[in-house]
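Per-entry structural report
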Amino acid sequence: MYDLVALGELLIDFAPVGERSYQANAGGAPANVLAALSRLGGRTAFIGMVGKDDFGAMLRADIERAGIDARGLKATREAPTTLAFVNLDERGDRSFTFIRNPGADLLLREEDVDLSLIGQAKIFHFGSVSLTGGPARGATLYAARWAKEHGITVSYDPNLRPLLWKGLDEAKEVILSAMGLADILKISEEELLFLTGTSDFEAGSQLLSGWGPKIVFVTLGAQGCFYRYPGGCGTLPTFAVKAVDTTGAGDAFFGGVLSKISAAGFENVCGYSREAFEEVVRFGNGVGSYVTTRKGAIPAMPDLATVENFMKDTPLQGE
């Protein structure tokens, strides 16, 4: 049994290591979430497409090294592995430049999806980058619908990257069309405004929850996380750190909370007391905060002991 099976983009993140110098790291939000959960002790598997090239071979080796089952990873000669160049400002916040027209990740087809992996999952996870074009869009929705129909908990990260869409109207329509498949949703403050038209956390999350997800997390960067679940809603501060690189922080947060939800069971977590649910959110905040103190995404993911020690030794924002 897998704690989490994810489908989506797997690409090379070229992270800056000096002036005009970059280091090639494995990246892609679904793979980052898997790596976070795997490092925390969970069993994970990935479904996606890379190019039949040196970068694709490197990515396969990297996710296997991270403890992710790569049997669902396919390779194609039709397009090269997707590349993303990450730029960081003085606060560690990111911007991206993508080499993807198309990239191999967009060429995943329905017949490439290993349903036997999804059938063994406690949670199936997907994002919106694989919804930006076909045939990956069809493959993603096919897999998410199959998981939903077979009683598997589904998590969803809209993860808006405007440059990858033909236009923002299309992005909003497609991203929202998948909302009804999700049981668990992670969304940023900016994405909440984009999709709901409001920056009010309570009103926006209630609207999103009405479209399907029972659990909604609105990540707020250094301000922590707003949550909504059947037992109520609230905001928790994150940990006080000096961010070096925010790449993968939201994915690390999601991997942290999904590790707790997978271990306890989705329906059980939905029935948690407010105090118990906030411990889930606090743990996710701990994983996400820790990752911002390290360079890269997958290389920065901590193990359970590291997170527990970090949370014990690091004050919360505002303390």
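The following paragraphs examine the structure supplied in this document.

The rules we used
As a convention, each chain's residues are numbered from 1 in the sequence order in which they are written. Only residues with pLDDT of 70 or above have their local features reported here, since the model is predicted, and side-chain atom pairs are shown and tallied only from 80 upward, although totals for entire chains, interfaces and linings are computed over all residues. Hydrogens and water are ignored here; the side-chain numbers use all heavy atoms of the structure. Strands here are runs of E lasting at least two residues and helices are runs of H or I lasting at least four, both read from the DSSP assignment and numbered beginning at the N terminus. Using a 1.4 Å probe on the protein chains alone, a residue whose accessible area is under 20% of its type maximum counts as buried, one over 50% counts as exposed, and one in between counts as partly exposed. To be clear, the arc concerns the directions from the helix axis to the C-beta atoms. In this analysis, two residues are considered to be in contact whenever any of their non-hydrogen atoms come within 4.5 Å of each other. N or O atoms within 3.5 Å of each other form a polar contact, as long as, within protein, one can give a hydrogen and the other can take it, and as long as residues adjacent in sequence are counted only when both atoms are side-chain atoms. The salt bridge criterion pairs a side-chain nitrogen of Lys or Arg with a carboxyl oxygen of Asp or Glu, the two atoms within 4 Å. Only rings of Phe, Tyr and Trp enter the pairing, Trp through its six-membered ring, and a pair is recorded when the two centres are within 6.5 Å. The plane angle decides the type: under 30 degrees is stacked, over 60 is edge-to-face, the rest tilted. Each ring is checked for a lysine NZ or an arginine CZ that lies within 6 Å of its centre and within 35 degrees of its normal; such an atom marks a charge sitting over the ring.

1. Quick look at unusual backbone geometry
Here Asn 101 and Pro 102 are connected by a cis peptide whose omega angle stands at -5°. Assignment of secondary structure puts Pro 102 in the loop between strand E7 (94-99) and helix H3 (115-119). In the segment running from Gly 134 into Pro 135, the intervening peptide bond is cis, with an omega of 0°. With respect to the secondary-structure elements, Pro 135 resides in the loop between strand E8 (121-127) and helix H4 (136-149). Even without a glycine there, the phi angle at Asn 159 is positive, about 45°. Note that Asn 159 resides in the loop between strand E9 (153-157) and helix H5 (168-177). The buried category is assigned to Asn 159, whose relative accessible area is 11%.

2. As for helix H7 (residues 201-210)
Turning to H7, its buried residues are Gly 204, Ser 205 and Leu 208. The arc that holds the buried residues of H7, viewed along the axis, is 95°, so those residues lie on one side. In this structure, H7 carries Gln 206 and Gly 210 as exposed residues pointing more than 90 degrees from its buried face. Structurally, H7 contributes buried residues whose contacts are with strand E10 (184-188), helix H6 (189-196), strand E11 (215-219) and strand E12 (225-229). Of the residues that open H7, the one with a side-chain oxygen 3.1 Å from the backbone nitrogen of Glu 202 is Asp 200. Two residues or fewer after H7 comes Gly 212, characterised by a positive phi angle close to 155°.

3. Some details on the pattern of salt bridges
Across all of its chains, the model carries 10 salt bridges by this definition. For Asp 62, the salt bridge is made with Arg 65, and the minimal N-O distance between the two is 2.7 Å. With Asp 62 and Arg 65 both in helix H2 (residues 54-65) and three residues apart, the pair spans about one turn of that helix. Asp 62 gets classed as buried once you look at its relative accessible area, which sits at 17%. Asp 105 is the partner of Arg 100 in a salt bridge, and the nearest nitrogen-oxygen pair spans 2.7 Å.

4. Side note on the side chain of Thr 140
With respect to the element layout, Thr 140 can be found in helix H4. A distance of 2.8 Å separates a polar side-chain atom of Thr 140 from the backbone oxygen of Ala 136. With near-sequence residues (within four places) excluded, Thr 140 lies in contact with Leu 7, Phe 126, Gly 127, Ser 130 and Leu 131.

5. Examining the packing of aromatic side chains
Under the criterion given, the structure shown has 13 aromatic pairs. Centroid distance Tyr 227 to Phe 277: 5.4 Å. Interplanar angle 50°. Geometry classified as tilted. A residue pair is termed long-range when its members are at least 10 positions apart, and Tyr 227 in strand E12 and Phe 277 in helix H10 (residues 274-291) qualify at 50 residues. Accessibility expressed as a relative area gives 0% for Tyr 227, which makes it buried. Among the aromatic side chains, those forming a connected cluster through ring pairs are Phe 217, Tyr 227, Tyr 229, Phe 253 and Phe 277. Note that Arg 43 overlies the ring of Tyr 2, its terminal NZ or CZ placed 4.1 Å from the centroid. When the ring centre of Phe 283 is taken as reference, the NZ or CZ atom of Lys 260 above it lies at 4.4 Å.

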